[in-house]
Amino acid sequence: MPLPPAMSQRAREFTGPPVPARPAATVVLLRPHADTFQVYVLRRASTMVFGGVYAFPGGTVDPSDRPDTIRDDWPEHLGLPAEEAHAVVGAAARELFEETGILLAGPVAEPDHTATATDGVDWESDRAAVQRRELTMTELLARRGLRLRDDLLLPWARWITPEFEPKRFDTWFFVALLPEAQTTRDVSGEADRTAWITIEDTAGLPMLPPTRRTLDQLGACRTIPDVVAASAHRDAATPLNPRVEIKDGQVTLHIPS
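Residues numbered from 1 in each chain as written. Predicted model: local features only at pLDDT ≥ 70, side-chain atom pairs only at ≥ 80, totals over all residues. Heavy atoms only, no water.

Describe the packing of aromatic side chains, and please don't skip the residues or the numbers.
With the rule as written, the count across this model stands at four aromatic pairs. On the basis of an interplanar angle of 75° and a centroid distance of 5.7 Å, the ring pair of Trp74 and Phe174 is categorised as edge-to-face. Highlighted residues: Trp74 in helix H2 (residues 74-78) and Phe174 in strand E8 (residues 168-177), separated in sequence by 100 residues. Trp74 gets classed as buried once you look at its relative accessible area, which sits at 0%. Judged by its relative accessible area of 0%, Phe174 is buried. Looking at Arg71, its charged tip hangs above the ring of Trp74, at a distance of 4.3 Å from the centre. The side chain of Arg144 reaches across the aromatic face of Trp123, ending 3.6 Å from its centre. (Phe/Tyr/Trp six-rings, centres within 6.5 Å; stacked < 30°, edge-to-face > 60°. Helix = DSSP H or I, 4+ residues; strand = E, 2+ residues; numbered from the N terminus. Buried < 20%, exposed > 50% of the residue type's maximum accessible area, 1.4 Å probe, protein only. Lys NZ or Arg CZ within 6 Å of the ring centre and 35° of its normal.)

Explain the nonpolar core to me, and be specific about the residues and the numbers.
Formed by 38 residues in total, the largest nonpolar core has its most connected members in Leu29, Leu78, Leu103, Leu153 and Phe174. When residues in this core are grouped by element, the largest group, eight residues, is from helix H3 (residues 82-100). Setting aside chain neighbours within four positions, we find Leu29 in contact with Gln38, Val39, Tyr40, Leu96, Ile102, Ala176, Leu177, Leu178, Thr184 and Trp196. (Core = buried A, V, L, I, M, F, W, Y, C linked by side-chain atoms within 4.5 Å. Contact = heavy atoms within 4.5 Å.)

Which residues make up H3, and what values do they have?
Every α-helix winds through 3.6 residues per turn, so residues three or four apart in the chain are directed the same way. With 19 residues, H3 ought to run about 27 Å at 1.5 Å a step, and its terminal C-alpha atoms sit 27 Å apart, in line with that. Taking burial as the measure, the 19 residues of H3 include 15 buried ones, the bulk of the element. Taken from the residues just after H3, Gly101 is the one with a positive phi, measuring 80°. (Expected span 1.5 Å × (residues − 1).)

Mind laying out the pairing of strand E7 (residues 154-160), listing which residues take part and the relevant values?
Here E7 lies mainly inside the structure; seven of its seven residues are buried. Bridge count for E7 against E8 is six bridges, and the pairing is antiparallel. Residue Pro155 lies in a different strand from E8, and its bridge partner there is Phe174. (Pairing = 2+ DSSP bridges.)

Which residues make up the environment of Pro20, and what values go with them?
Its place among the elements puts Pro20 in the loop between helix H1 (5-13) and strand E1 (21-33). Sequence-wise, Pro20 and Arg147 are 127 residues apart; in three dimensions their C-alpha atoms are separated by 33 Å.

Explain unusual backbone geometry to me, using residue names and the numbers behind them.
In this structure, the amide linkage connecting Gly16 to the following residue, Pro17, adopts the cis form with an omega of -5°. Take Pro17: it is sitting in the loop between H1 and E1. A positive phi is found at Arg133, a non-glycine position, where the angle reads about 65°. Tracing the sequence through the fold places Arg133 in the loop between helix H4 (121-131) and helix H5 (137-143). The partly exposed category is assigned to Arg133, whose relative accessible area is 37%.

An account of the environment of Leu96 is needed here, citing residue identities and associated values.
Take Leu96: it is sitting in helix H3. Judged by relative accessible area, which is 0%, Leu96 ranks as buried. In sequence terms Leu96 and Pro32 are 64 residues apart; their C-alpha atoms lie 18 Å from each other. Aside from chain neighbours lying at most four places away, what touches Leu96 is Val27, Leu29, Pro57, Gly101, Ile102 and Leu104.

Break down the confidence of the model for the protein chain for me, citing the residues and quoting the values.
For the protein chain, per-residue confidence averages 92 on the pLDDT scale, and residues scoring 70 or more make up 96% of the total. The least confident element of the protein chain is H1, whose mean pLDDT is 81; the most confident is H2, at 98. (pLDDT = per-residue confidence, 0-100.)

Break down the side chain of Gln38 for me, with residues and values.
Its location among the elements puts Gln38 in strand E2 (residues 36-44). Residue contacts for Gln38: discarding those within four places in its chain leaves Leu29, Leu30, Arg31, His33, Trp196, Ile197 and Thr198.

Explain the pattern of salt bridges to me, and be specific about the residues and the numbers.
Across all of its chains, the model carries 19 salt bridges by this definition. Across the pair Arg71 and Asp73 runs a salt bridge whose closest N-O atoms are separated by 3.0 Å. Residue class for Arg71 comes out buried when judged on its relative accessible area of 18%. In this structure, Glu98 engages Arg94 in a salt bridge whose closest nitrogen and oxygen atoms are separated by 3.0 Å. Of this pair, Glu98 and Arg94 both sit in helix H3, four residues apart, which is roughly one turn of that helix. Side by side, Glu98 and Arg94 carry an identical accessibility label, which is buried. Residues joined in a network through salt bridges with shared partners are Asp62, Asp65, Arg94, Glu95, Glu98 and Arg133. (Salt bridge = Lys/Arg side-chain N within 4 Å of Asp/Glu carboxyl O.)

Shown next, in the form of structure tokens:
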């Protein structure tokens, strides 16, 4: 695929070496809609990295991302040692909470349940404290008698930013279903637009290749159960590295299949 002018210029001027890719996580949040589903997207503010493009909630791994997990197979699914795999999972849940108010957690005494409404004043105070790093997710969950429902995160893919970019990320993509009784809120301050939208309605929106490829893959699934079934066959351990080709002044990005 051709690149936007600014990215093409960076690719032409790149001489290396590439900066290290920081570990990150992003969550594709789904909810039922008619006989199919919608996906939650946000448009990054112009002041942000990759500003102006639509993306999913997410961000880089933080040193505080060390959650207790339900699943013990994350190292296998993410291609990482246990501590690093759990940190990526923790980042996915934390970033989702910070950017949307959605909390993938449930009462310790009721392991099959999820937290109910998380949009009250006290919840917003806690969310803001987590975002400011004044409170860790582990501390928040312990205070409220909750545990992380990492079993609700479905590993989907792993993408690494091309080498010519000045900021690079090694990003794990997860899919999750919107918990009942919770509602998304535009609270992060990092987006200038948010929307629940069908896959078909995302056509034409500016997106980076990993986002667009993920939506194309989800579009092959008609229903949420289809997505869940497809996730069992996804490879989120092997990184996908887009390759840049410069020929006759034209910069082309080759996307792994």
